[in-house]
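Each chain, letter by letter, is given below.
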Amino acid sequence: MHFFVIDDDPDILSLVERILIDAGHTVALCRSSRDALKQIPGGRPDCVITDLMMPEMDGFEFTRELRARPDLADMKIIVLSVKSYDFDRRRAKELGADGYILKPIDRDALLGAIMDIVTSHVVVTYWGVHGTLPVPGPATLRYGGNTPCVTIEVGGEPLFVFDCGSGVKALSDHVMKTPAERFSARIFISHPHWDHINTVPFFAPLYVRGNQIEIYGPFQGDLTIERVVTAQMESVYFPVTVREFGARLSFRDLREESLEFGAVRIDTMLLKHPGNCLGYRLTAHGRRVCYITDNELYLPDDARHDARYVERLAEFVHGADVLITDTTYRDHEYPSKVDWGHSCVSQVADLAARAQVKRLHLFHHDPDQSDDDIDLKLGETRDALARLGAGASVECEAPAEGSTLAV
């Protein structure tokens with residue numbers, strides 16, 4: 001890639017140049033933001049890295065001027081600054097920056113941080129794939145026995161976390177081992193059943209001063225997502241209360257709506273499950289990942305089958321690069337579990353084929369299902385897709401804990 005770096009500190013310029021050249025990239029340097037503004041249109045760099053505190057024209061104004069050029073719309077802009085204030089991060093994003101990296105520079109971490117921002121990949125990681133309750137033991141060694149937690153990484157954005165089942169503990173350990181001055185995340189809770197919220201208190205970044213965590217979840221009529229999370233940490237249930245959290249924490253109630261976060265859009269849809277349960281569709285860089293857990297698709301001959309709902313859901317997930325969805329039961333298991341709020345193989349396969357998704361990921365496995373049972377369920381889903389004529393077009397997998405997919 002071709003980079004253009006602007007900073008009035010020659011030592012910073014030299015260090016960033018050496019890091020990028022050693023990684024095989026080409027670099028142009030400039031100590032004047034005004035001069036850089038004249039040179040960049042002709043040089044057409046893939047990415048501009050700019051300081052904020054510069055004479056003549058500061059980084060905010062410089063970013064705004066670059067973003068006013070339609071011919072440079074595809075160019076990435078990264079702010080590299082000593083200013084750690086949340087205001088400056090937000091302002092840089094509002095003016096068009098794709099990412100924000102703090103000085104002082106860590107030689108090993110800088111290149112990775114830059115690549116995370118400039119890449120258009122969306123990375124999905126699974127931390128827990130079972131449902132209802134954790135089932136650790138020899139029968140769940142391959143797929144893992146933790147309850148729902150999935151993360152999606154989008155370059156330059158806080159980490160997107162979907163649900164806080166017991167899998168969030170492994171995520172927490174991973175985050176705490178990763179060197180960073182500050183950690184930011186947006187947590188989206190599908191619904192307030194215990195297997196989706198009860199490990200919130202074990203997410204260690206919440207206790208670190210300077211971190212910023214936003215928690216979103218469905219409003220339950222008279223129960224806010226803030227109350228859902230904090231009530232389970234009252235003294236009669238848990239020895240540590242939210243008052244012990246050091247991170248800046250905020251809550252927001254959701255309904256069926258759309259949210260914009262820079263390059264990321266989140267759309268929500270109410271699902272068929274007891275109480276208010278939301279499905280999420282994340283769109284970023286032309287990629288689409290749908291997280292649809294705890295959702296019941298009744299059999300077509302059942303009086304409770306709602307063809308209009310199935311049509312709406314298929315439209316919501318249509319063309320998804322990845323559909324992560326509740327496939328709790330094999331077909332022979334489902335008749336005794338009707339109205340429990342979960343789906344079986346045949347109806348999930350029908351949804352994936354109807355919606356023409358690219359990848360179907362089976363999720364929220366029944367606690368009584370072993371690794372071998374999940375293997376059977378996966379085979380049955382693939383067979384069902386083949387019967388529907390979608391065996392070749394829909395890639396079907398049952399992701400295991402710790403697995404990662406770059407979309």
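In what follows, the structure referred to is the one given above.
Throughout, residues of each chain are indexed from 1 in the direction in which the sequence is written. Thresholds applied to this predicted model are a pLDDT of at least 70 for local features of residues and 80 or more for the giving and counting of side-chain atom pairs; totals over whole chains, interfaces and linings are not thresholded and use all residues. The side-chain values count all of the structure's non-hydrogen atoms but skip hydrogen atoms and water molecules.

### Some points on the packing of aromatic side chains
Next up, step 1: Aromatic rings from Phe, Tyr and Trp, taking only the six-membered ring of Trp, are treated as a pair when their centres fall within 6.5 Å; an angle between ring planes under 30 degrees marks them as stacked, one over 60 as edge-to-face, and anything in between as tilted. Counting across every chain of the model gives 15 aromatic pairs.
Next up, step 2: In this structure an aromatic cluster arises from ring pairing among Y126, F160, F162, F188, Y216, F261, Y280, Y291 and F363.
Next up, step 3: We count a charge as sitting over a ring when the NZ of a lysine or the CZ of an arginine lies within 6 Å of the ring centre and within 35 degrees of the ring normal. The cationic tip of K272 hangs over the ring face of Y309; the distance from NZ or CZ to the ring centre is 4.7 Å.

### Focus on helix 4 (residues 86-94)
Next up, step 1: Burial status follows relative accessibility: with a 1.4 Å probe on protein chains alone, a residue under 20% of its type maximum counts as buried, one over 50% as exposed, and anything between as partly exposed. The numbering of helices and of strands both runs from the N terminus, where a helix is a DSSP run of H or I of at least 4 residues and a strand a run of E of at least 2. Within the span of helix 4, buried status applies to D86, D88 and A92. Each buried residue of helix 4 sits inside an arc of 165 degrees when the element is viewed along its axis, so together they form one side. For helix 4, the exposed residues lying more than 90 degrees away from the buried face are F87 and E94.
Next up, step 2: Throughout, a contact is declared for two residues whenever any of their heavy atoms are within 4.5 Å. Looking at the packing, one finds that the buried side of helix 4 touches helix 3 (59-67), strand 4 (76-81), strand 5 (99-102), strand 10 (212-218) and strand 11 (248-254).
Next up, step 3: Following helix 4 by one or two positions, G96 has its phi on the positive side, about 120 degrees. In this description, the arc belongs to the directions extending from the helix axis to the C-beta atoms.

### A word on the nonpolar core
Next up, step 1: In this text, buried Ala, Val, Leu, Ile, Met, Phe, Trp, Tyr and Cys residues form a nonpolar core when linked through side-chain atoms within 4.5 Å. The biggest cluster of nonpolar side chains holds 33 residues, and the ones touching the most others in it are I292, L313, V317, L323, V357, L360 and L385.
Next up, step 2: Not counting residues up to four positions away in its chain, the partners in contact with V357 are V317, G319, A320, L323, A352, S393 and V394.
Next up, step 3: By size, the runner-up hydrophobic cluster in this structure holds 26 residues, among which are V124, Y126, F160 and I266.

### Quick look at the pairing of strand 3 (residues 47-50)
Walk down a regular strand and you will see the side chains alternate between the two sheet faces.
Next up, step 1: Because side chains alternate across strand 3, one face comprises the buried residues C47 and I49, and the other comprises V48 and T50, equally buried.
Next up, step 2: The sheet contact formed by strand 1 (residues 2-6) and strand 3 spans 4 bridges and is parallel. Opposite F3, over in strand 3, you have C47 as the bridge partner.
Next up, step 3: Crossovers are marked right-handed if the path from the first strand over the helix to the second runs clockwise, as seen with the strands pointing away from the viewer. Of the crossover connections in this fold, the one passing from strand 3 over helix 3 to the parallel strand 4 is right-handed. A pair of strands counts as paired when DSSP detects no fewer than two bridges linking them.

### A closer look at the pairing of strand 12 (residues 258-261)
Next up, step 1: Taking every second residue as pointing to the same face, the buried face of strand 12 carries L259 and F261, while none of S258 and E260 on the other face is buried.
Next up, step 2: The sheet contact formed by strand 12 and strand 13 (residues 264-270) spans 4 bridges and is antiparallel. Looking at the pairing, S258 lines up with D267 of strand 13.
Next up, step 3: Where strand 12 hands over to strand 13, the hairpin turn is made up of 2 residues, of which G262 adopts a positive phi near 60 degrees.

### Observations regarding empty space enclosed by the protein
Next up, step 1: A pocket here means an open set of points on a 1 Å grid, computed over the protein atoms alone, that has protein on both sides within 12 Å along at least five of seven lines. A cavity is instead a set of points where a 1.4 Å probe fits but cannot get out; residues with an atom within 4 Å of a point line either one. Grid points are joined across faces, edges and corners, and a volume is the space filled by probe spheres set on the points. According to the stated counting rule, one finds 1 cavity of 30 Å³ or more in the structure shown.
Next up, step 2: Taken as a whole, the largest cavity holds about 30 Å³ of empty space.
Next up, step 3: The wall of the largest cavity is formed by K272, E296, L297, Y298, R304, H305, D306, Y309 and V310.
Next up, step 4: Only Asp, Glu, Lys and Arg are considered charged, only Ala, Val, Leu, Ile, Met, Phe, Trp, Tyr, Cys and Pro nonpolar, and every remaining residue, Gly among them, polar. Taken together, the residues that form the lining of the largest cavity break down as 4 nonpolar, 1 polar and 4 charged.

### Focus: the packing of helix 1 (residues 10-22) against helix 5 (residues 107-118)
Next up, step 1: Where helices are involved, their axes are fitted lines through C-alpha atoms of the stretch in contact, as for all axes, and angles between N-to-C directions lie from 0 to 180°. Orientation of helix 1 relative to helix 5, taken along the N-to-C sense of each, is 70 degrees, at an axis distance of 10 Å. Our classification of the angle between helix 1 and helix 5 gives roughly perpendicular. Taken as a pair, helix 1 and helix 5 cross one another with a handedness that is right-handed. Counting all contacts with helix 1, which are made through L15, V16, R18, I19, L20 and D22, the residues of helix 5 involved are R107, L110, L111 and I114.
Next up, step 2: Tallied by class, residues from the contact of helix 1 with helix 5 come to 7 nonpolar, no polar and 3 charged. Oblique is the label for any angle not covered by the other classes, which are roughly parallel (under 35 degrees), roughly antiparallel (over 145) and roughly perpendicular (65 to 115). Two helices cross in a left-handed way if the nearer one is turned anticlockwise from the farther one by less than a right angle. They cross in a right-handed way if the turn is clockwise.

### Examining helix 11 (residues 371-387)
Each α-helix winds once per 3.6 residues, and so residues spaced three or four apart point in a common direction.
Next up, step 1: For helix 11, built from 17 residues, the straight-helix expectation of 24 Å at 1.5 Å per residue is met to within 8% by its first-to-last C-alpha distance of 25 Å.
Next up, step 2: Regarding helix 11, the residues found buried are D371, I374, K377, L378, T381, A384 and L385. Buried residues of helix 11 fall within an arc of 135 degrees about the axis and therefore sit on the same side. Turned more than 90 degrees off the buried face of helix 11, the exposed positions are D372 and R387.
Next up, step 3: Of the residues flanking the end of helix 11, it is G389, one or two places downstream, whose phi is positive at about 80 degrees. Helix span, expected: 1.5 Å multiplied by one less than the number of residues in the helix.

### Section: the pattern of salt bridges
Next up, step 1: Put simply, a salt bridge is a Lys or Arg side-chain nitrogen that is within 4 Å of an Asp or Glu carboxyl oxygen. Throughout the structure, instances matching the rule amount to 31 salt bridges.
Next up, step 2: Among the ionic pairs, D267 bridges to R265, the shortest N-O distance being 2.9 Å.
Next up, step 3: Under the relative-accessibility criterion, D267 is labelled buried at 4%.
Next up, step 4: The network of salt bridges with shared partners includes K93, E157, R186 and E214.

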